[in-house]
Amino acid sequence: TATISHVDVYDRFPYVETRHFQVVSDPRWNRLVCGEMGRSLGAFDGRGSVVGALKGPRGMAVDERDRLYVADTGNDRIVVMQATTEFDRIELVPLYTIPNLSGPYDVAYSDGGTPFQAEDDLLYVADTGRNRVGAYALSSSGARLLGFVGELGSGDGYFAGPTALTVGRADGVNTPDVFVADAHNGRLVHLRLQHGGLRWVGDAPTGAGVVTSLDTDQWGNLYAAAPQQ
């Protein structure tokens, strides 16, 4: 799921209004379900759009420009869409895709440590089918690959089914740290973006089965969801 929130200020009553829109991936029905919380819902399946039909969409992330990044797992790509909102309605408009992946399961957005400065924004991808994690530099028109780390294995520099990832946070901004759930190795992996590439920092056992979602809070604490336990 991804959330898009806005605060609108008016020169008349109600003066200030807050709206929260939620987008939920529905891989069984090959669609994204979206709408304002507490109101009606719509759906986007990609049919008839410039990117074509979605297939098993899973992990998502949203940036400061309301761009939605979707791991279109069954189509081996990332789909990038512009979310536009008006009153209680949300519309998803496809912009471009990031191809040449294999069953990507999750994505994570980073502000590069400078909020509201788009020129250093980053996207991290769990390329699950090839047991690796990739980093991309984002621009208004596309994404440029910085590099991958990982291949099938169990030691340092190896993954066995990366299923989820998130970006570190501290002092209100993102850090160069990336945390990855390495499913079949039963561990969490700590990576860091250094000198334009991803570097292995360390790992720790989860002791909680398969982790399907990761997140960090503003103090840098890491949270892992292990639904099987």
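Everything discussed here concerns the structure shown above.
Remember, it's a predicted structure, so these values are computed and weren't measured experimentally.

Q: How do you make sense of the pairing of strand β14 (residues 173–182) when you look at a structure like this?
A: In terms of residue burial, β14 counts as a mostly covered element, since eight of its 10 residues are buried. Of the strand pairs in this sheet, strand β13 (residues 162–170) and β14 are connected by seven bridges, and their pairing is antiparallel. Opposite A170, over in β14, you have V173 as the bridge partner. The turn joining β13 and β14, which pair antiparallel and follow one another in sequence, is formed by two residues; a positive phi near 55° is taken by D171. Bridge analysis of β14 against strand β15 (residues 187–194) gives six bridges, and the strand direction is antiparallel. When the bridges of β15 are listed, V178 appears paired with L191. Once β14 ends, the chain turns through four residues before running back antiparallel as β15, passing G186 with a positive phi of about 60°.

Q: Help me understand the layout of surface pockets, please; the structure alone is not making it clear to me.
A: Gaps left between atoms are located by rolling a probe of water-molecule size over the structure's atoms. When its volume is computed, the largest pocket comes out at roughly 1,100 Å³. Forming the boundary of the largest pocket are 39 residues, of which M60, A61, V62, Y109 and D215 lie nearest the centre. Of all the secondary-structure elements, those providing two or more residues to the lining of the largest pocket are β1 (2–9), β5 (57–62), β9 (106–110), β13, β14 and β17 (213–216). For the lining of the largest pocket, the leading source of residues is β5, giving six residues. Among the residues making up the lining of the largest pocket, the classes are represented as 17 nonpolar, 14 polar and eight charged.

Q: I'm lost on the side chain of T128 in this one. Help?
A: Here T128 lies in the loop between β10 (122–127) and β11 (132–138). At a separation of 2.7 Å, a polar atom in the side chain of T128 contacts the main-chain carbonyl oxygen of P162. Ignoring sequence-local partners within four residues, the contact set of T128 consists of S102, G103, P104, Y105, G161 and P162.

Q: Is there a simple way to think about the nonpolar core in this case?
A: One recurring pattern in soluble globular proteins is that nonpolar side chains are buried together. Counting residues in each nonpolar core, the largest one holds 17 residues, and the members touching the most others are V23, L32, M60, L68, M81, I90 and L92. Secondary-structure elements contributing two or more residues to this core are β1, β2 (16–26), β3 (31–36), β6 (67–72), β7 (77–86) and β8 (89–98). The next biggest cluster of nonpolar side chains, apart from the first, holds 16 residues, and it includes Y124, V133, V180 and L191.

Q: I would appreciate a short explanation of the sheet that holds strand β4 (residues 42–44) in the present structure.
A: For sheets, the rule is that strands pair by backbone hydrogen bonds, running either parallel or antiparallel. Reading across the sheet, the four strands line up as β1-β2-β3-β4 and stay open at both edges, with antiparallel pairing between neighbours. The open sheet is flanked by β1 and β4, the only strands paired with a single partner. Between one strand axis and the next, the sheet turns through 20° on average, direction left out of account. Relative to β3, β2 is paired through six bridges, and the arrangement is antiparallel. What sits directly across from F21, in β3, is E36.

Reading the values: rules and limits
Counting starts from 1 at the beginning of each chain's written sequence and moves along it residue by residue. Totals for whole chains, interfaces and linings use every residue, but because this is a predicted model, local features are given only for residues with pLDDT of at least 70 and side-chain atom pairs only at 80 or more, for both listing and counting. Excluding hydrogens and water, the side-chain values take into account all heavy atoms of the structure. Summary of the burial criterion: residues with accessible area below 20% of their type's maximum are buried, those above 50% are exposed, and those between are partly exposed, where the area comes from a 1.4 Å probe applied to protein chains only. Helix and strand assignments come from DSSP, with helices taken as H or I runs of at least 4 residues and strands as E runs of at least 2, each series counted from the N terminus. Paired strands, as defined in this entry, are two strands with at least two bridges between them according to DSSP. Cavities and pockets were defined on a 1 Å grid built from protein atoms only: a cavity is a group of points that admits a 1.4 Å probe but offers it no way out, a pocket is an open group of points flanked by protein on both sides within 12 Å along at least five of seven lines, and a lining residue is one with an atom within 4 Å of any such point. Grid points are joined across faces, edges and corners, and a volume is the space filled by probe spheres set on the points. The residue classification treats Ala, Val, Leu, Ile, Met, Phe, Trp, Tyr, Cys and Pro as nonpolar and Asp, Glu, Lys and Arg as charged. All others, Gly included, are polar. What qualifies as a polar contact is a pair of N or O atoms within 3.5 Å, subject to a donor-acceptor requirement within protein and to the restriction that residues adjacent in sequence count only when both atoms come from side chains. Contacts are residue-level and defined by heavy atoms, with any inter-residue pair within 4.5 Å sufficient. Residues belong to one nonpolar core when they are buried, are Ala, Val, Leu, Ile, Met, Phe, Trp, Tyr or Cys, and are joined through side-chain atoms within 4.5 Å. Geometry is summarised by axes, namely lines fitted to C-alpha atoms with helices restricted to the contacting stretch, and by angles between N-to-C directions that run from 0 to 180 degrees.

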